[in-house]
Amino acid sequence: NYSLKQLQQIDAAHHLHPFTDHKELRAAGSRVITHARGPYIYDSEGFELLDGMAGLWCVNVGYGREELAEAAYEQMKELPYYNSFFKCSTPTPVLLAKKLAEIAPPSVNQVFFGSSGSEANDTALRLVRHYWALEGKPEKNRIISRRNAYHGSTVAGTSLGGMEAMHKQLGGAVPNIVHVMMPYAYELALPGESDHEFGLRAARAVEEAILEAGADKVAAFIGEPIMGAGGVKIPPMSYWPEVERICRKYDVLLMLDEVITGYGRTGEWFAAQTFEVTPDTMTTAKALTSGYQPLSALLVGDRIAATLTEKGGEFAHGYTYSGHPVACAVALKNLEIIEREGLVERVKTDTGPYFAQALRERVAGHGLVGETRSVGLMGAIEIVKDKATRERFEGDGRAAVVVRDHAIENGVMMRATGDTMILSPPLIWTRETIDLACERIVRALDLAEADLRR
Ligand code: PLP
């Protein structure tokens, strides 16, 4: 058994962390999370935290589900691995693909598996370009995305995403990807512009990009139904139908990235259903297994699948772990749990509305809070210096980090991104868990305010 100090020393000596300032990490030492149950995570010192982020937006059924461990164990004993190359299949990815076709929007019903959301988006990019090439239109290869979007960390994911710092670090993105404005009314709506009007204007930025390139050059538009890592940016309800109308008008494929929003987070199986939008491709990962195994699923519709079948020729792309039998067995059991416990319905009719009301009534009035917003169990708290003018604190997101640190000290794990605090808890949160989280968040805001206005 290692002490915390020993683990921190070994961590510092040998372990590089994702999205981490290593200088700061080494100075502070890592918090070592050792176990978790239900909605709680525990560190090596026994400190209990409500997990307001469901890990990284993924542990939708909560922690400690023995059924998932058993599903993995049984599958490992039977067949730990085989691939779906060589015209082979194994049973669990086949059954999982069938299940996904049942719960997904009817426009997408064929599945390509990977291990991560980044891989799924990489596959989607290639598959869409491959599709247009098979259709005899290889020059229709441009992809339109949004500024501040997050579509993963591989080269393709980073290029599809709209995070400037990531582009800079990449030093040369995949070509022919352009980024338009995001649908974020709080910062980008004009004075007097309604949410509805703003949503239409943000959608028309997609049309302008199509017209600028020429529709015969544009393969697809990609977007997260709700931008997640970019700060839980919830578009007005007018946005997605208008984007879809524009895509159809110019025969541009509509790609949804549901890596965060999939599997119940918004109170439907998928946010496509929440926003009433019909995708041509849909990438999912994370809560597909509730994070118990790495697995992603790219879903595509008959249009793309039929072209692959009719035209033939190899789609020269795939992963060793595409359709991993153990990950797929865990996913099947995870979806069974979500269904059996009615978690999607619970978010839609009970905890989602209660969460929105709790944020509005207990958090939004705080002196540091510009607005709260949420859909289902995905929410954000905007940190501002001045509520009336929406002026931010100096230091580029420093204020939200101060709030986050107090939130963690007060027993709720939250994420800070820019000036936004994010919540995306397990779907097993009850009204009581939401009450407890709000209590802790308000305490953290009070302490942060004392620090920030000192
Ligand atoms: N797409 C979205 C919307 C995401 O939020 C993420 C990860 O947070 C990804 C893609 C990448 O997924 P992964 O980290 O599993 O590669």
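Fair warning: this is a prediction, and the values are worked out from it, not measured in the lab. Along each chain, residues carry numbers from 1 onward, in the same order as the chain's sequence is written. Since the coordinates come from a predicted model, pLDDT governs what is reported: local features require at least 70, and pairs of side-chain atoms require 80 or more to be given and counted, while whole-chain, interface and lining totals use all residues.

A.B. asks: Now, about the environment of Trp 57: what can you tell me, with residues and values included?
C.D. replies: Examined against the element boundaries, Trp 57 turns out to sit in helix α3 (residues 54-57). Between the buried cut of 20 or more and the exposed cut of 12 or fewer other C-beta atoms within 10 Å of a residue's own C-beta lies the partly exposed class, and all C-beta atoms are placed from the backbone. Looking at Trp 57, the number of C-beta atoms within 10 Å reads 24, which means it is buried. Working definition of a contact: two residues with C-beta atoms, positioned from the backbone, lying within 7 Å. Non-local contacts of Trp 57, meaning those with residues more than four positions away in its chain, are made with Gly 228, Ile 260, Lys 286 and Ser 424. Strands here mean DSSP runs of E at least two residues long; helices mean DSSP runs of H or I at least four residues long; both are numbered from the N terminus.

A.B. asks: Go over the nonpolar core with me, naming the residues and quoting the values.
C.D. replies: Formed by 129 residues in total, the largest nonpolar core has its most connected members in Val 128, Phe 221 and Val 403. Of the residues forming this core, the biggest block, nine residues, is contributed by helix α14 (residues 325-340). Segment limits for the domains were obtained from an automatic or database-derived domain assignment. Counting the residues that make up this core, at least three belong to each of domain 1 (31-61 + 342-452) and domain 2 (67-340). Excluding its chain neighbours within four sequence positions, the residues that come into contact with Phe 221 are Ile 144, Val 206, Val 243, Cys 247, Val 252, Leu 254 and Met 255. Nonpolar core, as used here: buried Ala, Val, Leu, Ile, Met, Phe, Trp, Tyr and Cys residues forming one set through C-beta atoms within 7 Å.

A.B. asks: Residue-level account of unusual backbone geometry, with values.
C.D. replies: The residue Ala 54 is not glycine, and still its phi comes out positive at about 45°. For Ala 54, the location among the structural elements is in helix α3. The residue Glu 276 is not glycine, and still its phi comes out positive at about 55°. Checked against the element boundaries, Glu 276 lands in the loop between α12 (271-274) and β9 (281-284).

A.B. asks: Describe the sheet that holds strand β1 (residues 33-37), with residues and values.
C.D. replies: Paired strands, in this sense, are two strands between which DSSP finds at least two bridges. Taken in spatial order, the four strands line up as β1-β2-β3-β13 in an open sheet, and their pairing is mixed. Each having just a single partner strand, β1 and β13 (412-413) make up the two edges of the open sheet. With two bridges connecting them, strand β3 (residues 48-51) and β13 associate as parallel partners. Note on β13: the bridge partner recorded for Asp 51 is Met 413.

A.B. asks: Can you lay out the confidence of the model for the protein chain for me, pointing to particular residues and giving the numbers?
C.D. replies: For any part of a model where pLDDT is low, the fine detail of the predicted coordinates should not be relied upon. The pLDDT value tells you how sure the predictor is about a given residue, anywhere from 0 up to 100. For the protein chain, mean pLDDT is 97; residues scoring 70 or higher make up 100% of the total. Interface confidence for the predicted complex, given as ipTM, is 0.99, next to a pTM of 0.98.

A.B. asks: Outline the site of the ligand, supporting the account with residue identities and numerical values.
C.D. replies: In the vicinity of the ligand, 14 residues are found, and the nearest of them are Ser 116, Gly 117, Ser 118, Gly 152 and Val 259. Looking at the shell around the ligand element by element, the count peaks at three residues for helix α6 (residues 117-134). Whether a residue is near a molecule or strand depends on its C-beta atom, generated from backbone atoms, being within 6 Å of that molecule or strand.

A.B. asks: Account for the sheet that holds strand β8 (residues 253-257), with residues named and values stated.
C.D. replies: Taking strand neighbours across the sheet as the criterion, the seven strands line up as β4-β10-β9-β8-β7-β5-β6 in an open arrangement whose pairing is mixed. In this open sheet, the two edge strands, each paired with only one partner strand, are β4 (110-114) and β6 (177-180). The average angle at which neighbouring strand axes cross in this sheet is 20°, direction not considered. Pairing between strand β5 (residues 142-146) and strand β7 (residues 218-223): three bridges, direction parallel. Considered in β7, the bridge of Arg 142 is made with Val 218. Each axis is a line fitted through C-alpha atoms, and for a helix only the stretch in contact is used; angles between axes span 0 to 180 degrees, taken between their N-to-C directions.

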